[in-house]
Amino acid sequence: MTGCKRVAAIQDISGLGRCSLTVVIPVLSAMGIQVCPVPTAVLSAHTGYSEFVMRDLTDFMKPALNHYKKMNTEFDCVYSGFLASSEQIDHCLEFFAAYPNALKVVDPVMGDDGKAYATYTKELCSRMSELVAVADIITPNLTEAAILLGEEYPAGAMTNSEAKSWLVKLSKQGAKIVVITSVQLADGGMHTIGYDKENNSFWKIKNNYVPAHYSGTGDMFASVLIGSVLKGDSLPIAMNRATAFTELNVRTTYSYQRHWTEGLMLEGQLPWLISYQELGDYTNL
Ligand code: PXL
């Protein structure tokens, strides 16, 4: 009996603007999963703010890993998110190699809305493919999927067969499960799409559109997806749970008209995760 699953979450902690660890920890904790944070940097506010102060923690990563190895600490999952430098990619690779039996999840955080984030250099983006190559699950948004594939960000809606071919091409880079968020499909609406290479199944979940965009949305989606998979949900149910919780938070935050940089007002919605509802809003892509 292990009591509860444990995830090593390798990403930054930002004071203002809910994202990365300030989203990952409450979400996974509410799902009954222990988070062991491996902070890669401390920021006063995330990089979407016009000003922030930052302390890089790259030199903390290897000693932290060495400590966990010395203690024979087990992790059920190693999950990497926003990274601040190319050297941090090397340390993430060391974490993944040290825990070959853990579920390896790479959220290749690099950008949104067709653009890379300010701190993501060309080198950092190209090295992200080294993490993607060792992952079991990857969760890019459409911008990140385009960067990983070296494709143009789609100007309009994608057909189902284009969407499937992006999923398959990404899975050929390594991961068994590929989930892409924020995909406009030609048959109408924004979707989350997923592919499970082992049984060659394709899934889609239609998103309820809200005319707003908040920081940390991808971090929330990936965290719920990971929690759901670790609890034994199938891929479409995990996608459904992650989409439903993220939408609930987007709609709540929109109702208060908060600025996008503040992130999603998740604090009041955590009981939804604890109640662990039955879901069935997925279809085949
Ligand atoms: O949500 C992704 C993210 C995480 N961490 C930091 C960020 C961002 C996106 O801008 O700036 C510090």
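Okay, so let's go over this structure.

Glancing now at helix 3 (residues 86-98). The terminal C-alpha atoms of helix 3 lie 19 Å apart, and with 13 residues this matches the ideal 18 Å at 1.5 Å per residue to within 8%. Along helix 3, the positions that sit buried rather than exposed are Ser86, Gln88, Ile89, His91, Cys92, Phe95 and Phe96.

For the rest of this paragraph, the subject is the sheet that holds strand 8 (residues 137-138). A sheet is described by the order of its strands in space; here 10 strands give the open sequence 3-2-1-4-5-8-9-10-11-12, paired in mixed fashion. Two strands close off the open sheet at either side, each with one partner strand: strand 3 (54-56) and strand 12 (283-284). By the bridge criterion, nine bridges tie strand 1 (residues 6-16) to strand 2 (residues 34-45) in an arrangement that is parallel. Opposite Val7, over in strand 2, you have Val35 as the bridge partner. Set on the sheet, helix 3 makes contact with strand 1, strand 2, strand 3, strand 4 (77-80) and strand 5 (103-106); between it and strand 4 the angle comes to about 170°.

In the structure shown here, the tally under the stated rule is seven aromatic pairs. An aromatic cluster of at least three residues, connected via ring pairs, comprises Tyr68, Phe75 and Tyr99. For the cation-ring pair, Lys231 lies above Tyr276, with the distance from its terminal atom to the ring centre recorded as 5.0 Å. Its guanidinium or amino end placed over the ring of Tyr276, Arg241 lies 3.7 Å from that ring's centre, counting from NZ or CZ.

Relative to the helices and strands, Leu285 resides in the segment after strand 12. Along the primary structure Leu285 and Leu16 are separated by 269 residues, whereas in three dimensions their C-alpha atoms are 37 Å apart.

The next point concerns the nonpolar core. Soluble globular proteins tend to bury their nonpolar side chains together. Val78, Tyr120 and Ile180 are the most contacted members of the largest nonpolar core, which has 48 residues in total. In contact with Ile180, other than residues within four places in its own chain, are Pro140, Asn141, Leu142, Ala145, Trp166, Leu167, Leu170, His191, Thr192 and Ile193. Counting 41 residues, the second-largest nonpolar core is a separate cluster that includes Val27, Met31, Ala222 and Ala238.

This paragraph deals with unusual backbone geometry. Of note, Ser20 is a non-glycine position whose phi angle comes to about 40°, a positive value. With respect to the helices, strands and loops of the structure, Ser20 is situated in the loop between strand 1 and helix 1 (21-30). Its identity as a non-glycine residue notwithstanding, Asn200 has a phi of 50°, on the positive side. You can see Asn200 is positioned in the loop between strand 10 (190-196) and strand 11 (201-206). Given a relative accessible area of 49%, Asn200 falls into the partly exposed group.

Close contacts around the ligand come from Asp12, Ser14, Cys19, Ser20, Leu43, His46, Thr47, Phe82, Val109, Tyr117, Gly216 and Asp219, and that covers them all. Measuring from a nitrogen atom of the ligand, one finds a side-chain N or O atom of Asp12 at 2.8 Å. Contact with the protein chains hides 94% of the accessible area of the ligand, taken as 320 Å² for the molecule alone. Class assignment for the residues of the shell around the ligand results in five nonpolar, five polar and two charged.

This part is about the environment of Ser234. On the secondary structure map, Ser234 appears in the loop between helix 7 (217-230) and helix 8 (235-255). What makes Ser234 partly exposed here is its relative accessible area of 33%. In this structure the C-alpha to C-alpha distance between Ser234 and Asp196, which are 38 residues apart in sequence, comes to 10.0 Å.

Another point: the pattern of salt bridges. Scanning the model with the defined rule gives 10 salt bridges in all. In this structure, Arg127 and Asp90 form a salt bridge, with 2.7 Å as the shortest nitrogen-oxygen distance. Within this pair, whereas Arg127 is found in helix 4 (residues 122-134), its partner Asp90 is found in helix 3, the two being separated by 37 residues in sequence. For Asp90, a relative accessible area of 30% translates into the label partly exposed. A single salt-bridge network, built from bridges that share partners, covers Asp90, Arg127 and Glu130.

Close contact between helix 2 (residues 58-70) and helix 3 brings their axes to 9 Å; oriented N to C, the two are set at 10°. It follows that helix 2 is roughly parallel to helix 3 by the angle criterion. Of the residues in helix 3, those touching helix 2 at Thr58, Met61, Lys62, Leu65, Tyr68 and Lys69 are Glu87, Gln88, His91, Cys92, Glu94, Phe95 and Ala98. The residue inventory of the contact of helix 2 with helix 3, partitioned by class, reads six nonpolar, three polar and four charged.

Cut-off values and rules
- Residues numbered from 1 in each chain as written.
- Predicted model: local features only at pLDDT ≥ 70, side-chain atom pairs only at ≥ 80, totals over all residues.
- Heavy atoms only, no water.
- Helix = DSSP H or I, 4+ residues; strand = E, 2+ residues; numbered from the N terminus.
- Expected span 1.5 Å × (residues − 1).
- Buried < 20%, exposed > 50% of the residue type's maximum accessible area, 1.4 Å probe, protein only.
- Pairing = 2+ DSSP bridges.
- Contact = heavy atoms within 4.5 Å.
- Axes fitted to C-alpha atoms, helices over the stretch in contact; angles between N-to-C directions.
- Phe/Tyr/Trp six-rings, centres within 6.5 Å; stacked < 30°, edge-to-face > 60°.
- Lys NZ or Arg CZ within 6 Å of the ring centre and 35° of its normal.
- Core = buried A, V, L, I, M, F, W, Y, C linked by side-chain atoms within 4.5 Å.
- Near = heavy atom within 4 Å.
- Polar contact = N/O pair within 3.5 Å; in protein donor to acceptor, adjacent residues only side chain to side chain.
- Areas by Shrake-Rupley, 256 points an atom, 1.4 Å probe, with all protein chains shown as cover.
- Nonpolar A, V, L, I, M, F, W, Y, C, P; charged D, E, K, R; others polar.
- Salt bridge = Lys/Arg side-chain N within 4 Å of Asp/Glu carboxyl O.
- Parallel < 35°, antiparallel > 145°, perpendicular 65-115°, else oblique.

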